[in-house]
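# Residue-level structural notes
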Amino acid sequence: MTSLLELAAGKESAEVTDWAARIGWVVGLLLFIALVYWLMREGWKWRGTLQGDLPELPAAPDDPGPARLELSGRYHGSTTAGQWLDRIVAHGLGTRSRVELTLTDAGLDVVRPGATDFFIPVAQLREARLDKGIAGKVLTEGGLLIVTWEHGGKLLDSGFRSDHAAEQPEWVEALNNMVGTPDNKNDKNSTTEGTAR
């Protein structure tokens, strides 16, 4: 008899779930997420307003000439040149998208399905290099093709990632040859070799 009483006393009823508290937490979390999203959206719009002095993007000429190089991949955004976190959002330059690049004697044609296309005339191209990051996208060293160009009196860096990363060095060489920019890596290597000898 004693053991039955001890057994009954040992059993406790299961805790009752406080559904009101749980629902309150879920609603609070959803409101917090909505607030963060709204603040990010307003920040994006504010940044676009600050960059309102940037002129409209140039369109490709009717006859840009034959393609020297073509590339399919992704466009990861544009920043102020040399400041890889200062994203440019005006005129859709902040929108990530698929991209088709075509290099001709007239310049660089940037075709972006679902986003604004633009054209960089050869006179506005400044240099190309391989780098590892641009506003919100970081890859391995040399994973991004960065093209520096001038637009509206401002130097911009635009980041691209080819579907076939092995072809990116060829783009750097071709772009730099077009604008007369020496290949910095080759210069560094030749300096190192000369020092070693």
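Throughout what follows, the structure given in this document is the object of discussion. Given the structure is predicted, the values throughout are model-derived calculations rather than measurements. Just so you know, the residues in each chain are numbered from 1, in the order the chain's sequence is written. Where totals are concerned, whole chains, interfaces and linings use all residues; where local detail is concerned, this predicted model gives features only for residues with pLDDT of at least 70, and gives and counts side-chain atom pairs only at 80 or more. Note that the side-chain values use all heavy atoms of the structure and ignore hydrogens as well as water.

### What to know about helix α3 (residues 168-179)
- Per the convention used, a helix needs a DSSP run of H or I reaching at least four residues, while a strand needs a run of E reaching at least two, with both numbered from the N terminus. An expected span of 1.5 Å times one less than the residue number is assigned to each helix. With twelve residues, α3 ought to run about 16 Å at 1.5 Å a step, and its terminal C-alpha atoms sit 17 Å apart, in line with that.
- Note on classification: 1.4 Å probe, protein chains only; a residue is buried when its accessible area is under 20% of the maximum for its type, exposed when over 50%, partly exposed between these limits. Every buried residue of α3 is accounted for by Gln168, Trp171, Val172, Ala174, Leu175, Asn176 and Met178.
- When checking whether two residues touch, look at their non-hydrogen atoms; a contact exists if any pair is within 4.5 Å. For α3, the elements touching its buried residues are β1 (69-80), β3 (97-104), β4 (107-111), β6 (125-131), β9 (144-151) and β10 (154-162).
- Immediately beyond the C-terminal end of α3, within one or two residues, lies Gly180, with a positive phi of roughly 75°.

### Points about the pattern of salt bridges
- A side-chain nitrogen of Lys or Arg and a carboxyl oxygen of Asp or Glu constitute a salt bridge if their distance falls within 4 Å. Enumeration according to the criterion identifies five salt bridges in this entry.
- A salt bridge links Arg98 to Asp163; its shortest N-O distance comes to 2.8 Å. Taken together, the residues span a long stretch of sequence, with Arg98 in strand β3 and Asp163 in the loop between β10 and α3 at a distance of 65 residues.
- Between Arg126 and Glu150 there is a salt bridge, with its nearest N and O atoms 2.5 Å apart. One end of the pair, Arg126, is in strand β6; the other, Glu150, is in strand β9, with 24 residues separating them in the sequence.
- Take Arg126: its relative accessible area is 31%, and that puts it in the partly exposed class.
- Salt bridges linked by common partners bring Arg129, Asp131 and Asp157 together as one network.

### Regarding unusual backbone geometry
- Residue His91 is not a glycine yet carries a positive backbone phi of 60°.
- Relative to the elements of secondary structure, His91 occurs in the loop between β2 (87-88) and β3.

### Observations regarding the packing of aromatic side chains
- Aromatic contacts are taken between Phe, Tyr and Trp rings whose centres are within 6.5 Å, Trp giving its six-membered ring; a plane angle under 30 degrees counts as stacked, one over 60 as edge-to-face, and the others as tilted. Counted by the stated rule, this structure contains three aromatic pairs.
- Each ring, one from Tyr75 and one from Phe160, has its centre 5.6 Å from the other, and the planes form 55°; the classification is tilted. Within this pair, whereas Tyr75 is found in strand β1, its partner Phe160 is found in strand β10, the two being separated by 85 residues in sequence. Just as Tyr75 is buried, Phe160 falls in that class too.
- Within the aromatic cluster, the residues linked to one another by ring pairs are Tyr75, Phe118, Trp149 and Phe160.
- Stacked on the ring of Trp19, the Lys or Arg Arg22 has its end atom at 5.8 Å from the ring centre.
- Positioned above the aromatic ring of Tyr75, the side-chain terminus of Arg112 is 4.5 Å from the ring centre. Whether a charge sits over a ring depends on NZ of Lys or CZ of Arg being within 6 Å of the ring centre and within 35 degrees of the ring normal.

### Brief notes about the nonpolar core
- Ranked by size, the top nonpolar core spans 28 residues in total, and within it Leu101, Leu145 and Trp171 carry the most contacts.
- Residue assignment for this core shows that the elements contributing at least two residues are β1, β3, β4, β5 (118-121), β6, β9, β10 and α3.
- Take this core: its biggest share by element is five residues, from α3.
- Once you skip the residues sitting within four places of it in the chain, Trp171 turns out to touch Leu69, Glu70, Leu71, Leu101, Thr102, Leu103, Leu108 and Leu145. Put simply, buried Ala, Val, Leu, Ile, Met, Phe, Trp, Tyr and Cys residues joined by side-chain atoms within 4.5 Å make one nonpolar core.

### Overview of the side chain of Thr79
- When you line up the elements, Thr79 lands in strand β1.
- Judged by relative accessible area, which is 1%, Thr79 ranks as buried.
- Ignoring any residue separated from it by four or fewer positions in sequence, one finds Thr79 in contact with Trp84, Asp86, Arg87, Ile88, Ile134, Ala135, Leu155, Leu156 and Asp157.

### Details of the pairing of β9
- Across the eight residues that make up β9, a large majority, seven, are buried.
- Relative to β9, β6 is paired through six bridges, and the arrangement is antiparallel. Considered in β9, the bridge of Leu125 is made with Trp149.
- Pairing between two strands requires that DSSP report at least two bridges joining them. The turn linking β9 back onto β10 is made up of two residues, and Gly152 within it adopts a positive phi angle of 60°.

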